[in-house]
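Tertiary structure, described
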2 protein chains.
Amino acid sequence: MSKIVKTFKEVFKLCGLKNGMTISFHHHMRNGDYVLNNVISQLDECGFRDIKIAPSAVFPIHEPLIEYIKKGVVTSIDTNYMSGSVAEFISLGEMEQPVKFRSHGGRPKAMEDGEIKVDVAFVAAPSSDKMGNINGVLGSSACGSLGYAFSDVEHAKSVVAVTDYLVDYPNPYISIDETKVDYVVPVSKIGDSAKIVSGTTKITRDPVGLTIAKNAASVIEKSGLLKNGFSFQTGAGGASLAAAYYLKKVMLEKNIQGSFGMGGITKYFVDFLNEGFFKTLMDVQCFDLDAVKSIKENPNHIEISASLYANPNSKSCVVDNLDIVILGATEIDTNFNVNVHTDSNGMIIGGSGGHSDTAAGSKLCIIVTPLIRARLPIIVDKVTTISTPGNTIDVLVTERGIAVNPNRKELKNKLIDEGLKVLDIQEMQNIAQKITGKPKRARLSHKIVGEVIYRDGNIIDTIKAVNKR
Amino acid sequence: MSKIVKTFKEVFKLCGLKNGMTISFHHHMRNGDYVLNNVISQLDECGFRDIKIAPSAVFPIHEPLIEYIKKGVVTSIDTNYMSGSVAEFISLGEMEQPVKFRSHGGRPKAMEDGEIKVDVAFVAAPSSDKMGNINGVLGSSACGSLGYAFSDVEHAKSVVAVTDYLVDYPNPYISIDETKVDYVVPVSKIGDSAKIVSGTTKITRDPVGLTIAKNAASVIEKSGLLKNGFSFQTGAGGASLAAAYYLKKVMLEKNIQGSFGMGGITKYFVDFLNEGFFKTLMDVQCFDLDAVKSIKENPNHIEISASLYANPNSKSCVVDNLDIVILGATEIDTNFNVNVHTDSNGMIIGGSGGHSDTAAGSKLCIIVTPLIRARLPIIVDKVTTISTPGNTIDVLVTERGIAVNPNRKELKNKLIDEGLKVLDIQEMQNIAQKITGKPKRARLSHKIVGEVIYRDGNIIDTIKAVNKR
């Protein structure tokens, strides 16, 4: 009794993989992931063409994809996030099929609804036994939570665990169990876990960032939501983490203990848990190795699936009970619509991830951003790409003040009463534009290179190709 | 945001429950379960009739069912095990519809295949938060593993968590998560966890039992399977536990560490784990409060679903990798078919549970039984009820010797070479019959009161009504 298959070639055959089929990946190895590149290069060697891929995210390390797209090995991408040269390549209009961009909660929904039909799911498994009992906490490539992979193994016709750490049966920690796994392929390395830490995961030292963070913490403090049992999510950006730092000070002063922290989890959240500021962490993805260690050792640091995190199809999900989330933006418009897919030039630099999910679910969604970035104003008349609809955003916090969504009048009055500097979003736009001038809207091509699919499954925007220079 | 519903009446309405529908229960509270009786009595009060129930087991505490069957509230039962007065009532032919008896692995398969279509699953939840994140390890009714409930929540149209311990959101331990749960009904008590311990869970002191146990341990020792990494399951009966005790001595002598122990878990298995005799416990059900404590505290004491335990529909399950299992029998026939559903009078006193699943999956399935019980010989020409087909049984161990299934010639020769007292099963039958005389086969009525559905979904036997006296 063993599901071990020695080579990818063999496993492709066993899974009945054919041209035109869809394969999926999860992104917990982040910019250290070797599995996607490995599988695609083997597919190419075997002569496969017209493969559709559904990775939960694409990182700079996946640059080799470009060649495989050019060769026709890969013809379609369905993902929640994309950065690095593949994103640039897509932005330049080099791929025929537009990329489908979903949210972390929308992806499992799409699998349940059959909008994404996965033929073979490849699971990067930091440890597995011979039968495919898998976890993310053992082995030299430990990445912690495997939250995004749960929907893949639930819905894919075939599931292949790819592992560099084969343990005796049964695996002593089981995140995904053998009832869902068809084959186990041992490889020398599934990735470089040091590169799980990607992007900023340190508190900013930039004075503008610190001012924004203080303002955000004040909004939370004065919102009326900061009380025992409140819940909180923040991204791993420098200003967001700084806001968490200031929030902690307020919690200490006021002797407040939160219920749960959520999101991509960093050392800062692990400290929150260990120091008793929150009772539990709900972890769909670890953002650093402190989080990986904690999720293994601390039973109150809970691995959650993408469905439990944010799937709007489910009977409920945790974002429905999220009080406060701090999120970033590349642009926000005067209707509070937020762009996290493209920069102001229209170049793809990210994606929703859990942005629109947490904005929709939370009681208080705060966007933190400087008024001006790279000499461009962040508040615009109309965002280049709508990632998150403005009606789900409550407050914009910048270094120059706070703007409250007009649909949150009560909150606005409360913050004004509490003495916070609340401006209209147009006023804030004017302040910035006095410095930068009115920016020209990027002139994009007519070619659609991406579709932004909201968590409910509807397309809420398209991304156009940028013009080559 | 809350799923709390105050009364069953309300929840029946919210679930759209109608006459003729199917509701399910799990049996981790065992003979201390209050939930089934509570729900059925409320159904009666609301005037429901023709309700089909699918409890994973029925215990003596469920005696009130009899009245509800008579009244037409309950018209059909689909279960894996039945003991006590309901079993007697069924045996007497008092219910119109035959009871469908399945195995622990066959039940989740039947739900996947749509043979059991559950409209509403009621989950006895020792702890739940307001959104239905559930575990079995907190609260005064903690029962440990919730393994049998997993398939119910996966497949039921509506899921109702019934709890007597509502915790702050989010529940710090999550076995079944809110994505699957529709409503949470708080009650004063879901059961009496002291009565989880039902049946014999102490090592026998009976000399016959001890001899059988020693013989069973010798079979294991000499089988060639007792080596590092071997896996083991045994029931909670006195002789089985005694066999485990002798096995432990052999393991100590030979310095052997097993991989996993499985099954309904008792203190004996917890000690096995804590003392390092096994690396992990795979626990689908706790049989005592030591097990409940251990599954909460020891990460290597793993809660497994019925599917992971034994579902033949799954891509694999743990019984496929089980080396050795010790099981009981009320009768075994000369073709090694085993009866655990009825006694020799044809009265229903149990059911497959995991009997046929583990027999089919294991490399070595040992039946332990005295030659004679209550003045009746246990080896018969033809079992009253086939629970587990003889081709999956390897060895019969009694106090007078060992019989090996003729289809295991190699094993038979090995045990003979090792000096064990191996007899033909007919010889053993003769030994017993010299004492007891040839028993008369129970004269049963023609009325079918039960169907024994094997784990593959096929009916392998029927149970006839016993004649009233």
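Notes on the structure in this doc start here. From a predicted model like this one, the values you see are computed outputs, not experimental measurements.

1. A look at the interface of chain A and chain B
Each side of the interface is counted separately: chain A has 40 residues, and chain B has 40 residues. Where chain A abuts chain B, roughly 2,700 Å² becomes buried across the two surfaces, and 57% of that area is made up of carbon and sulfur atoms. Of all residues in chain A, Thr-179, Lys-315 and Asn-321 of chain A bury the most surface against chain B, accounting for 24% of the area lost on that side. Counting the contacts that link chain A with chain B gives four salt bridges. A salt bridge links Lys-315 of chain B to Asp-182 of chain A; its shortest N-O distance comes to 2.6 Å. Counting the contacts that link chain A with chain B gives 16 residue pairs in polar contact (both at pLDDT 80 or more). Taken together, the elements giving at least two residues each to the side of chain A that touches chain B come down to β8 (158–163), β11 (258–265), β12 (278–286) and α11 (306–310) of chain A. No other element matches β12 of chain A, which puts three residues into the side of chain A that touches chain B.

2. Re the relation of the copies chain A and chain B
Aligned on chain B, chain A shows an RMSD of 0.0 Å; the corresponding rotation is 180° and the shift along the axis is 0.0 Å. Classification of the inter-copy transformation places it as that of a two-fold axis. Across chain A, the smallest distance between a C-alpha and the rotation axis is recorded for Pro-299 of chain A, namely 4.3 Å. A shared interface surface links the copies, since 100% of the contact residues of chain A are contact residues in chain B too.

3. Remarks on the packing of helix α7 (residues 207–222) of chain A against helix α8 (residues 238–254) of chain A
Residue and element names in this part refer to chain A. Packing of α7 against α8 leaves a shortest axis separation of 8 Å and a crossing angle of 45°. Classified by the angle their axes make, α7 and α8 are oblique. Two packed elements cross with a definite hand, and for α7 against α8 that hand is right-handed. Between α7 and α8, the residues in contact are Gly-209, Leu-210, Ala-213, Lys-214, Ala-216, Ala-217, Ile-220 and Glu-221 and Ala-239, Ala-242, Ala-243, Tyr-246, Leu-247, Val-250 and Lys-254, respectively. Of the residues assigned to the contact of α7 with α8, the class counts are eleven nonpolar, one polar and three charged.

4. Details of the sheet that holds β12 of chain A
Residues and elements named next belong to chain A. Ordered in space as β13-β12-β11-β10-β14-β17-β21-β22-β23, the nine strands form an open sheet in which the pairing is mixed. The outermost strands of the open sheet, each flanked by one partner alone, are β13 (301–303) and β23 (422–423). Docked against the sheet, α8 engages β10 (232–234), β11, β12, β14 (324–327) and β17 (364–368), running at close to 150° with respect to β10. Contacts from helix α13 (residues 409–417) reach β17, β21 (395–398), β22 (401–404) and β23, with the element oriented near 155° to β22.

5. Some details on the pattern of salt bridges
Residue and element names in this part refer to chain A. Enumeration according to the criterion identifies 52 salt bridges over all chains in this entry. Note that Lys-52 is salt-bridged to Asp-50, the shortest N-O span being 3.2 Å. With a closest N to O distance of 3.9 Å, Lys-189 and Asp-164 form a salt bridge. Placement of the pair is Lys-189 in the loop between β9 (183–186) and α7 and Asp-164 in the loop between β8 and β9, with a sequence separation of 25 residues. In this structure Lys-189 comes out as partly exposed when scored by relative accessible area, which is 32%. A relative accessible area of 16% places Asp-164 in the buried class. Among the ionic contacts, a cluster of salt bridges with common partners joins Asp-44, Arg-49 and Lys-71.

The rules behind these values
Residues numbered from 1 in each chain as written. Chains lettered and ligands numbered in written order. Predicted model: local features only at pLDDT ≥ 70, side-chain atom pairs only at ≥ 80, totals over all residues. Heavy atoms only, no water. Contact = heavy atoms within 4.5 Å. Buried area = accessible area lost by both parts, 1.4 Å probe. Salt bridge = Lys/Arg side-chain N within 4 Å of Asp/Glu carboxyl O. Polar contact = N/O pair within 3.5 Å; in protein donor to acceptor, adjacent residues only side chain to side chain. Helix = DSSP H or I, 4+ residues; strand = E, 2+ residues; numbered from the N terminus. Least-squares fit on C-alpha atoms with pLDDT ≥ 70 in both. Axes fitted to C-alpha atoms, helices over the stretch in contact; angles between N-to-C directions. Parallel < 35°, antiparallel > 145°, perpendicular 65-115°, else oblique. Left-handed = near helix turned anticlockwise from the far one by under 90°. Nonpolar A, V, L, I, M, F, W, Y, C, P; charged D, E, K, R; others polar. Pairing = 2+ DSSP bridges. Buried < 20%, exposed > 50% of the residue type's maximum accessible area, 1.4 Å probe, protein only.

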